[in-house]
Structures are given as structure tokens and as C-alpha cells.
Number of protein chains: 4
Amino acid sequence: MKNTFGNYVSVTLFGESHGAEIGVVMDGLAPGIPVDENFIAEKLKKRRPSGVISTARVEEDKFRIVSGVFGGVTTGAPLCILIPNKNVNSKDYSLLSETPRPSHADFAAHCKYHGNQDYRGGGHFSGRLTAALVAAGAIAQSALLAKGIKIGTHISSIGEISDRWFEDFDSDVERLKENPTLDPIAWHEMQEYIKSVAKEGDSVGGILETAVTGMPKGVGEPWFDGVEGVIARAIYAIPAVKGVEFGAGFGFGKMRGSQANDPFAIRNGEVVTLTNNNGGINGGITNGMPIIFRTAVKPTPSIFIEQQTVNLKTMMDEKLSLKGRHDPAIVHRAAPVVDAMTAIALLDMLCGRFGTDYLIP
Amino acid sequence: MKNTFGNYVSVTLFGESHGAEIGVVMDGLAPGIPVDENFIAEKLKKRRPSGVISTARVEEDKFRIVSGVFGGVTTGAPLCILIPNKNVNSKDYSLLSETPRPSHADFAAHCKYHGNQDYRGGGHFSGRLTAALVAAGAIAQSALLAKGIKIGTHISSIGEISDRWFEDFDSDVERLKENPTLDPIAWHEMQEYIKSVAKEGDSVGGILETAVTGMPKGVGEPWFDGVEGVIARAIYAIPAVKGVEFGAGFGFGKMRGSQANDPFAIRNGEVVTLTNNNGGINGGITNGMPIIFRTAVKPTPSIFIEQQTVNLKTMMDEKLSLKGRHDPAIVHRAAPVVDAMTAIALLDMLCGRFGTDYLIP
Amino acid sequence: MKNTFGNYVSVTLFGESHGAEIGVVMDGLAPGIPVDENFIAEKLKKRRPSGVISTARVEEDKFRIVSGVFGGVTTGAPLCILIPNKNVNSKDYSLLSETPRPSHADFAAHCKYHGNQDYRGGGHFSGRLTAALVAAGAIAQSALLAKGIKIGTHISSIGEISDRWFEDFDSDVERLKENPTLDPIAWHEMQEYIKSVAKEGDSVGGILETAVTGMPKGVGEPWFDGVEGVIARAIYAIPAVKGVEFGAGFGFGKMRGSQANDPFAIRNGEVVTLTNNNGGINGGITNGMPIIFRTAVKPTPSIFIEQQTVNLKTMMDEKLSLKGRHDPAIVHRAAPVVDAMTAIALLDMLCGRFGTDYLIP
Amino acid sequence: MKNTFGNYVSVTLFGESHGAEIGVVMDGLAPGIPVDENFIAEKLKKRRPSGVISTARVEEDKFRIVSGVFGGVTTGAPLCILIPNKNVNSKDYSLLSETPRPSHADFAAHCKYHGNQDYRGGGHFSGRLTAALVAAGAIAQSALLAKGIKIGTHISSIGEISDRWFEDFDSDVERLKENPTLDPIAWHEMQEYIKSVAKEGDSVGGILETAVTGMPKGVGEPWFDGVEGVIARAIYAIPAVKGVEFGAGFGFGKMRGSQANDPFAIRNGEVVTLTNNNGGINGGITNGMPIIFRTAVKPTPSIFIEQQTVNLKTMMDEKLSLKGRHDPAIVHRAAPVVDAMTAIALLDMLCGRFGTDYLIP
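Residues numbered from 1 in each chain as written. Chains lettered and ligands numbered in written order. Predicted model: local features only at pLDDT ≥ 70, side-chain atom pairs only at ≥ 80, totals over all residues. Heavy atoms only, no water.

A. Examining the overall build of chain A more closely. Along chain A, the regular secondary structure elements total eight helices and 18 strands. Radius of gyration (C-alpha) of chain A: 21 Å, near the 21 Å computed for a compact globule of 361 residues. Principal-axis analysis of the C-alpha atoms gives chain A an extent of 70 × 50 × 35 Å. In chain A, 71% of the contacts between residues at least 6 apart in sequence involve partners at least 24 apart. Working note: accessible area of chain A is about 11,000 Å², and carbon and sulfur atoms make up 51% of it. Between the mean site of the 36 positive side-chain charges and the mean site of the 40 negative ones, chain A shows a separation of 3 Å. (Helix = DSSP H or I, 4+ residues; strand = E, 2+ residues; numbered from the N terminus. Rg over C-alpha atoms; globule rule 2.2 N^0.38 Å. Contact = heavy atoms within 4.5 Å. Areas by Shrake-Rupley, 256 points an atom, 1.4 Å probe, with all protein chains shown as cover. Lys, Arg positive; Asp, Glu negative; His and termini not counted. Charge placed at Lys NZ, Arg CZ, Asp CG, Glu CD.)

As C-alpha cells, then:
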């Protein structure tokens, strides 16, 4: 199941950066879930590049639902969404089949596919395909919302600039519809920083932080399908992600049990924890507290500064000066993809636990 | 596939802390792989508690291979290993069915299993089951060694005490057979620190670091079955793990592309990278450089300091004073489990790529 | 994995009879496999209705490969094929949402999907979707042919009219490109019979017989993934199939061991069996002899004779007189679908055994 | 997932004929299902050889539940059952590693496992392992019974002797606890026939027929996970099965639509069909009528009449005269295994549809 994620509700991804369309097939969705095309469009818009801090390749993302929806609701049959690629400029990439870009998939793909991969624009590895994931994730998110489950991802930091932490989750999630940070000043500063780095032909990385509220208790499996493992696998699917940590994460390395443990207490007749260092998960299973995790996104590998690479034909070292259209930062564009993959992962776990019909509103 | 990991070579885990036996079924192993019971015993020994910094419950781990081996080699049929539980003291745990231990799986399991879980010693959630994973991982590791693939995990840090970084990998891996650190002085200091914390009835967390050398190029899948995602899912299966990062990991958040990108070069007729910030993985696929990742292990939740919890029967707050036998640190005991899960994950990816017979020596 | 078949090379099916397109995603194909669009078109033509014995709905089947092919060969990334639905007449079906057709999926689908299924033309259950399976199967078949593996399916019988048995397999398979029987007279008689039944507004069933030559020895798994079980699951995916038997099949019920057992012998330095009652499979694993199986296809459920059904709204009995365009027999049209599903099933088993790269020519 | 069946509730099988134990791991069972060891023992007894028509190897089948049960009910964690092999006589089999038995798995296994298979008593391919399936199936059956779902399998025919058809299902299923036929005279005649064939050193095949009542409507998936395909795959796992047909099965080949179609009608406010040629399944999905299928079982391949085989070392033809203990018929012993695999398959489909907790009584 190489390009398929999920055991109960599954997502199969296909397409290439410069093909006619990219797409996704969602299978296992309950019948009768309302599909709101405006909601999908809104999520796609969040992912779309815009302004000076993004690539000049802007796609309209005019998606088309090919199957699985009838009368505005899911039928229960596989739902296929296609998104055409329009603003394609393959000329820029012809050189890259021989001179792999550092920190890109080019060379690894060459080894895996014996040189048969579609190298144009990164082919099947292109971040372009995350548009299809965002579309699928939008359907997942609206099904989760109907169950009271909310997901929010903000940029925690870029370089030395940090955002504030979630406070009032509901209004914070609303806020994230406008900006990728909770504090608008942080976003202003981050953009200035990205612009200055872009001027040097360079790029930046960053950290995203995600919270999920409203998850039922008792979801997930011990050992191999724990909530951490399933979410981590989903998030690592996103290009440029190199780290995922839950709750206090790597911070646990310097903590003691007496600081780290989350004391239980009864509040309003419900079991809660007074702290949430475990990020809402114990033994791989939800405990009813918000799920909290952070995602490390590496700097966009496509930079305009000259780099050292090799020529795979001559097997000699070579210099590489990239042209084309590239983002100086993808952290902010990755945020809606993290939301999408989180929704897809949670949907799968919820349906594994409560059955196909759980999602029926 | 709840308690099963792997699509090509799979591992199915079963058992409880206080049951007669724990065990594991490995399926999909090629026929003809030598199975060295001493090698398995040696790996189990590394996991076994010892000395003052560990629990007083010490198990002999007299494992028994029930199936799948004939004449000292694998047959190709499922290989089942059983490990008896002997040193069991269920009395200590009887209270815990009602008063969940903070940061343990007790409460989440109660929600998931509606109170039917075997609560004795943590039941199916117990770290005890990692012995079965280590046994399975030992078989995986010896198959990988025959292919020139070596795995080494050391304690990178506990509290403020840090180990050095890998230098000469082959001799360093040999060194890790004795101590869980590369620098013996670091291990001495860590033990002193653990002892001092244990005296206070408290526990510590830490960070593990793993390197894999000899991996063929071109292994792994784009998107959902990338090497990062598959390894992360495997490592998150280990109790107490709350973070996994690859290469520069969360450090990427403050880097620029020009620092982060790993330049390609030809060395001895082979494509290599001059740095390895990507930890040997691009686009989810191995590039031939060492795979590098770090694992955050939270402090053992079982501490002797009084904690606040709830009573699930009365639904009232309650104080909890743990008795029984508990580790003040499990970081060092988790190291061989990380090795084991890494080996299991790599085996699965290699056989998915190269077929069942790849492992035949 | 509801609408996905295969663990190593997988096929995901989507679409509805009256949607814009039907399609299929194949994943796990090795890179570098030549994709011949004419070969796909030829296979689709075999499935297409033609002449008086078929439905008046004829589709052009102008398929489109959306991804996974570059420069005429597979890239190794998911291969998506879309086939548009053009000759659609939804008006005929509007009544059927309330009055399920006997022996069709209408009522069962209504129960499963709580009335949200796309009922037009049978929706996702329509035989129309087998066109997408045939397209995927054509790619599978050409990859198998490159390995010397040939698949042939003929109509063994319709009503009382029987075809002869395979003699010279290679020339017989050529012959099946023209007719669905090996004996052209049998096909002439079958068509006359179908026509006479069609005049009465009725339909017929039949039996298909399939042979596969050139399969390597030692493919398949004991127990749950035996060749019989995997092929049977693949063939039962085809609408109207109600029986699958291997080798002597149900005939074994009256045989003795001394008649049934296939004696081994050495011929030209190879182990062969002198008879092939086991249809090339022992213990779920290929033994190198041709794989032989038979498929029972029920009469097309859509007949023009008045039938008894119920009204799901009024919950009263009701008479049903079908209109629209329906095949009086689908046995001959099912033959290329059986070929396709067989190829898909074998491909998966071969790649599970020999790895992704096995299919590289 | 080679030796694992099921996506939601899974069964993993391990062991060899002459190993210390055979066993099975069931995963995904809901917590709180009562486990009645007497019920398991009763099912195992039905499978056990007895009397003159069976092998002289009789095993006590003293099974042991190693995990997953606590306080008499399932915990929700994996349930492992071990059954020791006691009456083992490996001497008889030592020759067979070189001279494969016709129609047995010996040669195919040799090809697949490159000669490393455990050949003693058929090793992992032995019918002995069906004891573990029966034990797992017993747990599945008691969970289904609690939901009102009943399974019954009788011998439909052996040679020319036929049993009657199911009449009153509930009392018929009770009757099958004593004999494997519904008509005791048929069983008497079958036994006489088997005895006479056994005297000649030969063996017989037969046909089993299974009915399932009480299945909810709307279970199963279109296309690849239809009820027919899932059950067929489960039944083909049983050694010696070479055919599976549903409802009228191969009889459809001579029927017309007007005879074959099952008319719908309202009876007692429920939609039913007036005939059941489709065996309770339309479009791969249950329609609420009894599931009906038939299984073809080939004659036991182990016969005492001299047979022709080959010597895999010398690669010369050779004569084979079997010794040891073998059944002259396994049809009757296969009946409880068919019940077991049916229960396992239905459980998986029900939990995929209704979630993990469906089975909680």
C-alpha cells in the first residue's frame, strides 16, 4: 500500500507536478456526509502560494469531484478528486534529470526508479501533490467538525521569531483562518525575515504546532497503531518534515517524572489531567485531553545560491544554479497540509474504533 | 492490523505483564536465515534490568522458538517466540485498576476497553513486552548484518549529561555492547545522576540517538511509506517515546537552506553527500548515507513520590503512593528496543523493495 | 482497503455508471515497464458490447493515463487511468431507487448506504466499472507477457452448448482474440441461443474457463494467501460471478485419491505432473503446471420479463418491468475481465515473492 | 500479511505438524466477550479424528489461552491460543524431503522455500494446524451466536451418496453437533463407503454445504471485499479445498434470468426474497437471506497405493509407497474448519462495518 494511507478510511494519492492532473481517492467514507465544495476551496486557498514570500507558480486549484458524491453528500463509494495542473513550465527542469538538487528527492528517486521517474518539477515527489491531500483533508475535517473535533496548526517559530501558544482554542482556530500565526505581529516579523532571506537567494525552515480538541477518549491502539505513531507517519508524508514530537516531546529529556507526569483530577464530573505534557495520549491511546504535537519543517531545498552537486551521467562533481519558481519558505504553506493529514489520520483511527457509520452526521 | 507491524515481514505481538508468557510471531522471513539463539540471548540481556538503577523485577528471559526454525535456519513459515513471565507479583497492582497512575496507560486503557483490560503490571501495555520485540529484532538484526547493515543506538543525553557523537561507527557499535554510551565517563555520570534521583523517589527521561550504516540506496516510498514515517511509527510503538526526529530534526527550524542542504559529491566513484543533515533520507527514500535519528524518552511514569490521581469508582480525587518495583530510568533499557524496532522496520522496507528472498544469506 | 486489491501491486477502483469518469489507480508497478496504449485499447474492445447479443449502450472507452507514465514507460509512481462515461441515459433508472431489481445490488446497497448510493445505472456497482479493471489488467498482462506468462479465458459453456478444451495453448490464446470460444461453431451456436432467449426478454448464464501458462514454481503462500484464495477473491470481484473452482474442482467430490492425485515425473530435466487435477497449485503454491480454473457467471439479472419486487417507500409488493439497455448475456463480456483480474492477482503474488523490480523487462 | 487473515479482527496462524505447539493470535476482538473453554473444546472434538475412518494419530488438543483473556472475558488485547503436539512420529516422514507426495504441498513448498521447509508431517502445511483455526473459530462463533448469527456445515455428498438439504435450520444445526450429515442414514452409508475405499489403500473427496442465518443486511463491500470473495479466500485457506460456490453457483451456467432471479417480497414487514439462488448476497453485500455456499474437498492425497513421484536429489522418477497414519477421508473433519473460517471471515466483515465494539454482548 505504497501511496495509500489508512486502514478504515483510506486515501490514495496520485499525480505528478507537471501531469495533466493530480488526484486522490478516499475510500471507506460513510454514506451521507455533506460535502461542501466551498469548504474545500477555502482550505486549498490557505495552501496556495501568495505574495512575495511564495513561488510565482500559482495554481487555481479548480478541483473536480469525479465520484462518490451524489446529491451533495457522500454515497459511501470511493470519492475521487482531481485537480488540474495548469501553470506548468517544464523547461526549467530539464537539466535536473542529470544534476540532482541537494536535499531534494531527485537523487534518491533516481536510485529507486532506475532513472525512469518523471523528473519535471519533482514529478510525483512535488509539494504540488499536497493540494490533493488538502482537498481530501478538507472532507475529513468537515466530517470531524460535525463530531465536535477541531484541528488547528500555527507556525510556532521561524528562525528566532516565535508565535504565542494557544489560549482560547476556539477563537484561536478562527484566527488561523486569516494568518498562520496566533499573534499577527509574529507573522509580520516572520514575513519580513523570509523576504530578507529570499533576497539572498536563500530559504528558511520552521516549526509548526498543532492542537486537536474534542477527541473522544479511548481511541488508538497499544504498540504499533498508537495515536503518536499513526499521526507521525501521516505527518512525515509531508515533504520537508524531519521531526514530530508530542506534548513535551524532546523536552522530556531534561525532565523528571515528578515534573513530567500529568496528575489526574475530577472536574465537572469528568476525568481530566491538570497538565498535558503527554499531549493527550497515554499508552498510544487518547485520554480526552487535547492532542498536541510539533512538526519540524526543513528550509526549502530549492535555493538560488550556487550549490555543489554531481552529474549522474558523467559521474563528476558539478555546480548547480537553480532557476525556476521556488518558495523561500514553505512552513506557512505546510500548515494546512498538517491539518489535512491530521484529519485523515484521526478519521482512520475513529472509524477503526467506532465503525464506518461513525461519521454519519 | 492492530498488534501487527510490517507489510512484507510482519511482527505480531501478544501477551501481558503477568500472563504465563509473552510472545511474538514474525511472518514473511525468507527461508534459510541462520537463527543464532546466543545472539538473541545477548540482545535480551542488554534490555534486562541490572544494578541499582533498575527495577528489582529481573526476568531470566528464557525464550523458546516454537515454530519457523528447522535445522538452525528459518523455514520461511511464521516464526513464533515465547518468553515466560516468572518473577510476577500481581499483588502490588490490585489497587491500580481503580486509581490510574499519572502518565501511564491505565486510564486510557480503561476508556478503550471498558474496564476489561488486564491491569496487573500494566497488562498488555507493560514495557515487559518489549522483551519479545527485542527477540524478534535480534533475528532481524542478524539478517541485516549478513547484508552489511549495522544499527547502533546510544544515550545521547540524560538530564544535562551528554554523550559524544558517533566517530568510527564500527568500533563504536562494538563499544555499545558494553555500555549504552559511547563515552564510558558519560555513562558513569548518568548512573550517578539516576541514583541520586532514584533516592528522591523520582525518575528521569533522556534522548537516544541511532545510526544505521550500509543501507542500500533507493529504499522507501514517497509520501506515506517514507523511511522517516515507517521508522517513526516503529519507534513510537515503544512505551514512553514522545519524539522522533531525523538528521538535523528540530534544529532545521533555525537553519537556512544554504546551511541545511547536503551537497552531493563523487567520492570513490560513488555519489555521497558532504554533510548529512537529512539523516540519509531524501523524499522518504534512502540516499546511501547513514540513517540518523533521535528518540525522546519520557521519565518513567512510575515514581514513589506521592501523586494526585482519581478513583474511577467513586469519581473523586485521590492520592497515590506507588509501591512495587519500578525503574528510575528506562532510557538505557529502551536503547536495545530502538535497535530492535529499527531492524524490524528496515527489514520490512528492504523486503518490500527487493522481495522475500533478499534476506537469504 | 475496501476498493483496493493487492498488497504489493495494488489496484484502487472508483467511479459510477453515470458519473463523468470511471477510473483506477495502480500502485507498486516497477519503473520502466512499457505501456502500450494500443494493447489497452484492444483489451477494452474485447469487453465492449457489440452486435445483437449486447446492450445498446456502447461506450468508446477513450481512456486517458493521468499519471505514472513518462516517455512511454511506467515511472514507478501510481498510474491512474480515467475512462469517460459518455453514452449515459439516467432517466431510465430514476424509478429503481425505490423498486430494487431482483438479483441486482440495488437493495443490498440501499441497506449498506442508508439510501445515499448513486442508484443511476447501478452506480458504483455497475458492470461499467469493469472497463477500468480491464484497462489495469491490460497493463498487468503486458508485464506478465514480458515474463513469458500467458492468460487465456474462453466460454466453457452457455446453457447446454459447450466449447472444446484448450489444446495448443499458444495458438488457442491467439484464437481467443477473435472469438470468446476456442471452437468457432460453439460460439455461433451460443450466439443463436442468446438471441432466441433475448427475444423472450430473458437472459442466460454460463461458465468461463481460464488457463495460465509460464508461471514460475513456488509462488503463493500457505493458508490465507494461497493462489486459489487470492485468485478467487479477485474473480469474485467481478459482478455476477457466483462460483470459482480450480483444476478438477467440484469434480473431486466423486473422485478417489488414486484418480485425483497428479503423479510427478521428470521430463526434460524438469519436475512436472502427468495429470493436472490440482490446476497447477499444491498447498496454495504454484507447482509449475498451468493454473486452471473455472468461473460461474449468473444470468444477467436485468430482464424484460415482468418481475416481482417491493417498493422500499411504501413497503408493499410491486411489479417491475425493466426498460433501458441491458445485455441478455454477459458471459462473453466477462471473459476479458476474468483475464484482467487474474493478471492483477498474479502480478501481486509475483511481486510479493520476487520484489518490486521483478517486472522490469 | 501472509499468515494473517482479516483487516479488523485478524487471525495469525503459526506452527508445524511436529513442532512443540501450534497456535493462533486473534487481534481486534472487542473487550468483554465471554470465552468459554468448554465450547472451544467441543469444537476441537468435532475436528479430532475418531473411529476407523480416520488417521491413528489422535491428539488431545489440550489448548492453552496465553493472553487476551482476563476474568473469563476478552480484554481487547491479542488473544493467543497454543495447542501442543504430542502424538508425533517424525520417523515416518524422513524420506519425504526428497520424494514429494503427489498432490501434497511437498514439492511446491520445496520450490518456494529452497528446501528449508520443515518437511516432517507436512510441516507448516499440515492439516494439523486447522486445530488452531478451529479454536479461533470457536471464539468467533460464540461471539456471533451472541448476536444471533448461526453457522452450520454438513457433508452434502461423498462419492455418489448425498445428504438431504437444510430444513429447519435451528434444529438442523443442533443435529450437526452429533453427525456431519443432516440425515443419519447418509452418514452411515458414507462411513461404509469410506471404510471400503480405505481397505483398498485409497481415499475419497466430497462436498460440504454451509448455511449462515441471522446475518444483518448491508454487510460486505462492492468489488474486492464482497462477501463471496472474503468467504472464498477464507475457505480456500483450508487444505484440500478446490472449489467454492455461492447459492446456485455453477448451476447458474444452465439457468435463465427468469429462473435465477430472486423476487423480492414484503413478509412480516421485512424485505425478503422468495427464492435464494444468490445465497444471501447481492453485489457482494448481504441482503438478509441466509448465506449459502458449497465447498469442494479433494480426496486425501496421502494414499497407501503405490504412486509415481520423483527424487529431487537424483532428479529421477521413483515409486512412492506411503507409510504412516493418514485419513482415508477428511471431508467430515473439514466441516468444523469450514464453520471456523466462515465465522472468522464474518467477524471481520461485521467489525469493519460496525466497529470494534459491535461484538460486545
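Alright, that's what it looks like, and here's the rest.
B. Representation of the relation of the copies chain C and chain B in the model. For the pair chain C and chain B, the best superposition has an RMSD of 0.0 Å and corresponds to a rotation of 180° with a translation of 0.0 Å parallel to the axis. Taken together, these values place the two copies in the relation of a two-fold axis. Residue C:Gly355, judged by its C-alpha, is the member of chain C lying nearest the rotation axis, at 1.7 Å. Most of the interface of chain C is mirrored in chain B: 100% of its interface residues are interface residues there too. (Least-squares fit on C-alpha atoms with pLDDT ≥ 70 in both.)

C. Region of interest: the pairing of strand E3 (residues 21-27) of chain A. Residue and element names in this part refer to chain A. Of all seven residues making up E3, seven are buried, and the element is well covered by its neighbours. Bridge count between strand E2 (residues 10-15) and E3: six bridges; the pairing is antiparallel. Of the residues in E3, the one forming a bridge with Thr-12 is Val-25. Note that E3 and strand E7 (residues 79-84) share six bridges and pair antiparallel. In the sheet register, Gly-23 faces E7, and the bridge partner there is Leu-82. (Buried < 20%, exposed > 50% of the residue type's maximum accessible area, 1.4 Å probe, protein only. Pairing = 2+ DSSP bridges.)

D. Focus on the packing of helix H1 (residues 37-47) of chain D against helix H3 (residues 130-145) of chain D. Residue and element names in this part refer to chain D. At a closest axis distance of 9 Å, the pairing of H1 and H3 adopts a crossing angle of 130°. With respect to each other, H1 and H3 are oriented oblique. The handedness of the crossing between H1 and H3 is right-handed. Mapping the contact onto sequence places Phe-39, Ile-40, Lys-43, Leu-44 and Arg-47 in H1 and Thr-130, Ala-131, Val-134, Ala-135, Ala-138, Ile-139, Gln-141, Ser-142 and Leu-145 in H3. Along the lines of polarity and charge, the residues of the contact of H1 with H3 split into nine nonpolar, three polar and two charged. (Axes fitted to C-alpha atoms, helices over the stretch in contact; angles between N-to-C directions. Parallel < 35°, antiparallel > 145°, perpendicular 65-115°, else oblique. Left-handed = near helix turned anticlockwise from the far one by under 90°. Nonpolar A, V, L, I, M, F, W, Y, C, P; charged D, E, K, R; others polar.)

E. Representation of the packing of helix H6 (residues 227-236) of chain C against helix H6 (residues 227-236) of chain D within the structure. At a minimum axis distance of 8 Å, the contact between H6(C) and H6(D) shows a crossing angle of 170°. Regarding the angle of H6(C) to H6(D), the classification is roughly antiparallel. Along this stretch, H6(C) crosses H6(D), giving a crossing that reads as right-handed. Here H6(C) contributes C:Glu228, C:Gly229, C:Ala232, C:Arg233 and C:Tyr236 to the contact with H6(D), which in turn contributes D:Glu228, D:Gly229, D:Ala232, D:Arg233 and D:Tyr236. Of the residues in the contact of H6(C) with H6(D), the class split is four nonpolar, two polar and four charged.

F. Representation of the sheet that holds strand E1 (residues 4-5) of chain A. The strand order across the open sheet formed by five strands is E1-E2-E3-E7-E4 (chain A), and the pairing between neighbours is antiparallel. In this open sheet, the two strands that pair with only one neighbour each are E1 and strand E4 (64-67) of chain A.

G. How the structure looks around the layout of surface pockets. Roughly 740 Å³ of internal volume is contained in the largest pocket. The residue inventory of the lining of the largest pocket, partitioned by class, reads 13 nonpolar, eight polar and eleven charged. (1 Å grid on protein atoms, 1.4 Å probe; cavity = no way out; pocket = protein on both sides within 12 Å on 5 of 7 lines; lining within 4 Å. Points joined across faces, edges and corners; volume = space filled by probe spheres on them.)

H. Region of interest: the side chain of B:Thr286. All names here are of chain B. Among the structural elements, Thr-286 can be located in strand E15 (residues 285-286). By relative accessible area, which is 1% here, Thr-286 ends up buried. A polar side-chain atom of Thr-286 sits 2.7 Å from the main-chain carbonyl oxygen of Pro-216. (Polar contact = N/O pair within 3.5 Å; in protein donor to acceptor, adjacent residues only side chain to side chain.)

I. Focus on the interface of chain C and chain B. Residue-level contacts link eight residues of chain C with eight residues of chain B. Between chain C and chain B lies a buried interface of about 590 Å² when both sides are counted; carbon and sulfur atoms form 33% of it. If you sort the residues of chain C by the area they bury against chain B, C:Tyr8, C:Arg353 and C:Thr356 come out on top, with a joint share of 54%. Our count for the chain C to chain B interface comes out at two salt bridges. Taking the shortest distance from any N to any O, the salt bridge between B:Asp357 and C:Arg353 comes out at 3.0 Å. At the junction of chain C with chain B, the criterion picks out six residue pairs in polar contact (both at pLDDT 80 or more). Its residues placed into classes, the side of chain C that touches chain B shows two nonpolar, four polar and two charged. (Buried area = accessible area lost by both parts, 1.4 Å probe. Salt bridge = Lys/Arg side-chain N within 4 Å of Asp/Glu carboxyl O.)

J. Focus on the pairing of strand E10 (residues 206-213) of chain C. Residue and element names in this part refer to chain C. Most of E10 is tucked away, with eight of its eight residues classed as buried. Here strand E8 (residues 150-158) pairs with E10 via eight bridges, running antiparallel. Counterpart to Ile-158 in the pairing with E10 is Gly-206. Pairing geometry for E10 and strand E16 (residues 291-297), over seven bridges, is antiparallel. Each bridged residue has a counterpart across the sheet, and for Ile-207 the counterpart in E16 is Ala-296.

K. Quick peek at the sheet that holds strand E2 (residues 10-14) of chain C. Residues and elements named next belong to chain C. Strand order across the open sheet formed by five strands is E1-E2-E3-E7-E4, with antiparallel pairing between neighbours. Lying at the two open borders of the sheet, with one neighbouring strand each, are strand E1 (4-5) and strand E4 (64-67). Of the pairings in the sheet, the one linking E2 to strand E3 (residues 21-27) comprises five bridges and is antiparallel in character. Looking across to E3, one finds that Leu-13 is bridged to Val-24.

L. Quick peek at the interface of chain A and chain B. Listed by partner, the interface residues are 106 residues for chain A and 106 residues for chain B. Summing both partners gives a buried area of about 8,500 Å² for chain A against chain B, and 60% of it is carried by carbon and sulfur. When the area that chain A buries against chain B is broken down by residue, the three leading residues are A:Trp223, A:Phe224 and A:Lys242, summing to 12%. Seen at the junction of chain A and chain B, the total is twelve salt bridges.

M. Broad picture of H3(D). For H3(D), built from 16 residues, the straight-helix expectation of 22 Å at 1.5 Å per residue is met to within 8% by its first-to-last C-alpha distance of 21 Å. Most of H3(D) is tucked away, with 14 of its 16 residues classed as buried. (Expected span 1.5 Å × (residues − 1).)

N. View of the packing of aromatic side chains. Residues and elements named next belong to chain C. Taken as a whole, this structure holds 40 aromatic pairs over all chains when the rule is applied. Centroid distance Phe-246 to Phe-293: 5.6 Å. Interplanar angle 40°. Geometry classified as tilted. Of the two residues, Phe-246 sits in strand E11 (residues 241-246) while Phe-293 sits in strand E16, which places them 47 residues apart along the sequence. Phe-246 gets classed as buried once you look at its relative accessible area, which sits at 0%. Take Phe-293: its relative accessible area is 0%, and that puts it in the buried class. (Phe/Tyr/Trp six-rings, centres within 6.5 Å; stacked < 30°, edge-to-face > 60°.)

O. Just the pattern of salt bridges, in detail. Overall, the coordinates contain 96 salt bridges over all chains when judged by the stated rule. With a closest N to O distance of 3.0 Å, B:Glu21 and D:Arg64 form a salt bridge. Placement of the pair is B:Glu21 in strand E3 (residues 21-27) and D:Arg64 in strand E4 (residues 64-67), with the two residues belonging to separate chains. Using a relative accessible area of 31% as the deciding quantity, one classes D:Arg64 as partly exposed. Members of the salt-bridge network, linked through shared partners, are A:Glu21, A:Arg64, C:Glu21 and C:Arg64.

P. Layout of helix H8 (residues 331-354) of chain D. Taking 1.5 Å of rise per residue, the 24 residues of H8(D) would be expected to cover 34 Å, and the 34 Å separating its terminal C-alpha atoms lies within 8% of that figure. D:Gly355 sits one or two positions beyond H8(D) and adopts a positive phi of about 90°.

Q. Local environment of unusual backbone geometry. Its identity as a non-glycine residue notwithstanding, A:Ser103 has a phi of 65°, on the positive side. Using a relative accessible area of 4% as the deciding quantity, one classes A:Ser103 as buried.

R. Highlighting the side chain of C:Thr210. Residues and elements named next belong to chain C. Along the polypeptide, Thr-210 turns up in strand E10. Residue Thr-210 is classed as buried on the basis of its relative accessible area, which comes to 0%. Filtering out sequence-adjacent residues up to four positions away, Thr-210 remains in contact with Ile-151, Gly-152, Thr-153, Phe-166, Ile-291, Ile-292, Phe-293, Val-338 and Thr-342.

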